Amino acid sequence: MKKLVNNPGLCITGLGLITSVGQDINTACASIQDGEKNPTNLENFYVDSPKGHEDWEDGFVTGHPVLKGDPDQTESRIFTLLDSALQDLFNATGEDKALLEGTPLYVALPEEYRTKTDQERLQAHLAENPDLLPFTCWEIVPFYHGHAAMILALAQAGEAIAAGQCERAILAGADSLIGFEDLSMFNKADRLKTVLNPDGFMPGEAGSAVLVETTKAAENREANIGAVIDRISTDQEADNVLAGSDATGNGLVNVISALNRDAEAAMAPDTIITDMNGEFYRAKELGNIYSRTLGSMSGEQNLIYPAKSLGDTGAAYAGIALSIAVQALGEGYIASNKEDGNALVLASSDSGLRGAVYIRPYENQ
């Protein structure tokens with residue numbers, strides 16, 4: 001799981017999103033930037049109180065669903081969210097089927113301890129429903145690593161592109177945490193935010209997609225380059241939440257330190273996007289890395305937590321974070337001078353995978 005890629009020569013040229021506050025990239029990012037949210041009671045799960053609730057409805061868990069229909073059909077919802085994100089990405093390319101045809105698809109999915117999303121069923125779904133996806137992928141590579149999965153996928157895609165196996169790759173992530181099985185499991189672990197447990201997360205669902213390619217290829221086809229991927233790092237945290245350990249921040253400190261190691265210039269992030277979601281573990285982890293590494297860095301370090309608007313979006317998170325960063329660069333939100341703005345995306349998976357991506361604006365040579 002340990003990877004470090006400095007100056008991979010990659011850029012981001014397309015994005016796709018579906019979230020609870022917007023079902024396309026522009027609407028979703030603008031809504032998150034404005035702090036919009038759309039919480040609702042999830043009627044498939046109820047938390048009883050030994051003392052009784054002041055209002056009966058207080059027992060419902062609040063979540064951020066995107067889709068209508070049965071919330072317990074987790075795999076079906078994940079496939080639908082993935083379809084929508086990929087369709088939005090396709091729209092962002094100007095519906096250029098020839099560009100995406102035969103491109104490898106690296107898919108971030110829920111971690112293995114949760115609902116299983118089978119690779120064969122995913123491949124069959126895409127193959128049997130050609131109208132849902134207007135292009136055919138060369139291969140589908142799944143990553144069952146949750147929050148940080150798309151960062152690991154990005155590192156692996158970069159290796160494949162560098163080896164000449166492909167010129168570009170699609171990274172996608174989809175997840176739904178609002179099904180009864182997940183809600184019951186997280187509630188038993190005291191991780192779910194309820195009227196009885198304020199130090200937990202609100203469950204959400206989302207789909208995200210990112211098109212990456214070599215900067216040279218993007219320039220040759222005169223693509224709209226949203227951002228340059230400057231550095232990628234992944235590592236493993238032994239003291240993870242599934243192990244029942246207290247948050248140390250060691251894993252994130254390692255990946256952040258690796259990004260600065262052997263680089264031409266130290267990082268100076270103007271925006272830091274994290275998967276803070278209301279859980280005490282993640283809050284403590286963030287506090288630890290601030291005191292040990294982030295606090296000594298330059299840059300404005302404006303913090304963005306997508307979960308404030310969307311709830312916890314699991315395996316879709318890293319794609320959402322990259323989308324927010326790219327859109328912010330383009331709109332000048334990250335710094336007073338957008339040409340000086342850089343963004344650091346951080347991700348922590350429950351089972352220990354940690355990831356970081358540093359991106360910067362594209363400068364036309």
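Attention in this report is confined to the structure presented alongside it.

Rules behind the numbers
Residues numbered from 1 in each chain as written. Predicted model: local features only at pLDDT ≥ 70, side-chain atom pairs only at ≥ 80, totals over all residues. Heavy atoms only, no water. Buried < 20%, exposed > 50% of the residue type's maximum accessible area, 1.4 Å probe, protein only. Helix = DSSP H or I, 4+ residues; strand = E, 2+ residues; numbered from the N terminus. Pairing = 2+ DSSP bridges. Contact = heavy atoms within 4.5 Å. Axes fitted to C-alpha atoms, helices over the stretch in contact; angles between N-to-C directions. Salt bridge = Lys/Arg side-chain N within 4 Å of Asp/Glu carboxyl O. Parallel < 35°, antiparallel > 145°, perpendicular 65-115°, else oblique. Left-handed = near helix turned anticlockwise from the far one by under 90°. Nonpolar A, V, L, I, M, F, W, Y, C, P; charged D, E, K, R; others polar. Core = buried A, V, L, I, M, F, W, Y, C linked by side-chain atoms within 4.5 Å.

**Quick look at the pairing of strand 11 (residues 343–348)**
Burial analysis of strand 11 places six of its six residues in the buried class, which makes it a mostly covered element. With three bridges joining them, strand 9 (residues 271–273) and strand 11 adopt parallel strand pairing. Bridge pairing in strand 11 places threonine 271 opposite alanine 343. With six bridges connecting them, strand 11 and strand 12 (residues 353–360) associate as antiparallel partners. Bridge pairing in strand 12 places alanine 347 opposite glycine 355. The turn joining strand 11 and strand 12, which pair antiparallel and follow one another in sequence, is formed by four residues; a positive phi near 115° is taken by glycine 352.

**With respect to helix 8 (residues 250–260)**
Along helix 8, the positions that sit buried rather than exposed are Gly251, Leu252, Val253, Val255, Ile256, Ala258 and Leu259. Where helix 8 is buried, its residues touch strand 1 (3–18), strand 8 (227–236), helix 9 (280–292), strand 11 and strand 12. Directly after helix 8, the chain includes aspartate 262, whose backbone phi takes a positive value near 60°.

**Some points on the sheet that holds strand 12**
Read from one edge to the other, the open sheet built from 10 strands follows the order 5-4-6-7-1-8-12-11-9-10, with strand pairing classed as mixed. Of all strands in the sheet, those bounded by a partner on one side alone are strand 5 (140–143) and strand 10 (302–304). Across the sheet, the mean angle separating the axes of adjacent strands is 25° when strand polarity is ignored. Direction of pairing for strand 6 (residues 168–176) relative to strand 7 (residues 205–214): antiparallel, over a ladder of nine bridges. Bridged to alanine 174 within strand 7 is glycine 207. Against the sheet, helix 4 (residues 119–128) engages strand 4 (105–108) and strand 5, with an angle of about 140° to strand 5.

**So, the pattern of salt bridges**
Per the counting criterion, the structure on display carries 16 salt bridges. Salt-bridge contacts for lysine 3 lead to glutamate 159; the nearest nitrogen and oxygen are separated by 3.1 Å. Here lysine 3, found in strand 1, pairs with glutamate 159, found in helix 5 (residues 149–162); they are 156 residues apart in sequence, far enough to count as distant. A salt bridge links arginine 282 to aspartate 275, with the shortest nitrogen-to-oxygen separation between them at 3.2 Å. When salt bridges with common partners are traced through the structure, they connect Arg191, Asp275, Glu279, Arg282 and Asp350 into a single cluster.

**Let's talk about the packing of helix 2 (residues 74–92) against helix 4**
Relative to each other, helix 2 and helix 4 sit at 50°, their axes nearing to 11 Å. The pairing of helix 2 with helix 4 is recorded here as oblique in orientation. In this structure, helix 2 crosses over helix 4, and the sense of that crossing is right-handed. Side by side, helix 2 and helix 4 meet where Glu75, Phe79, Leu82 and Asp83 of the first sit next to Arg121, Leu122, His125 and Leu126 of the second. Of the residues in the contact of helix 2 with helix 4, the class split is four nonpolar, one polar and three charged.

**Digging into the nonpolar core**
Formed by 54 residues in total, the largest nonpolar core has its most connected members in Tyr106, Leu171, Val212, Ile229, Val357 and Ile359. For this core, the leading source of residues is helix 5, giving 10 residues. When residues no more than four places from it in sequence are discounted, the contact partners of tyrosine 106 are Val141, Phe143, Ala153, Gln156, Ala157, Ala160, Ala169, Ile170, Leu171 and Ala172. Judged by nonpolar contacts, the second largest core, of 26 residues, contains Phe90, Leu109, Leu133 and Phe135.

So far we have only geometry, and geometry alone does not tell us how the molecule works.
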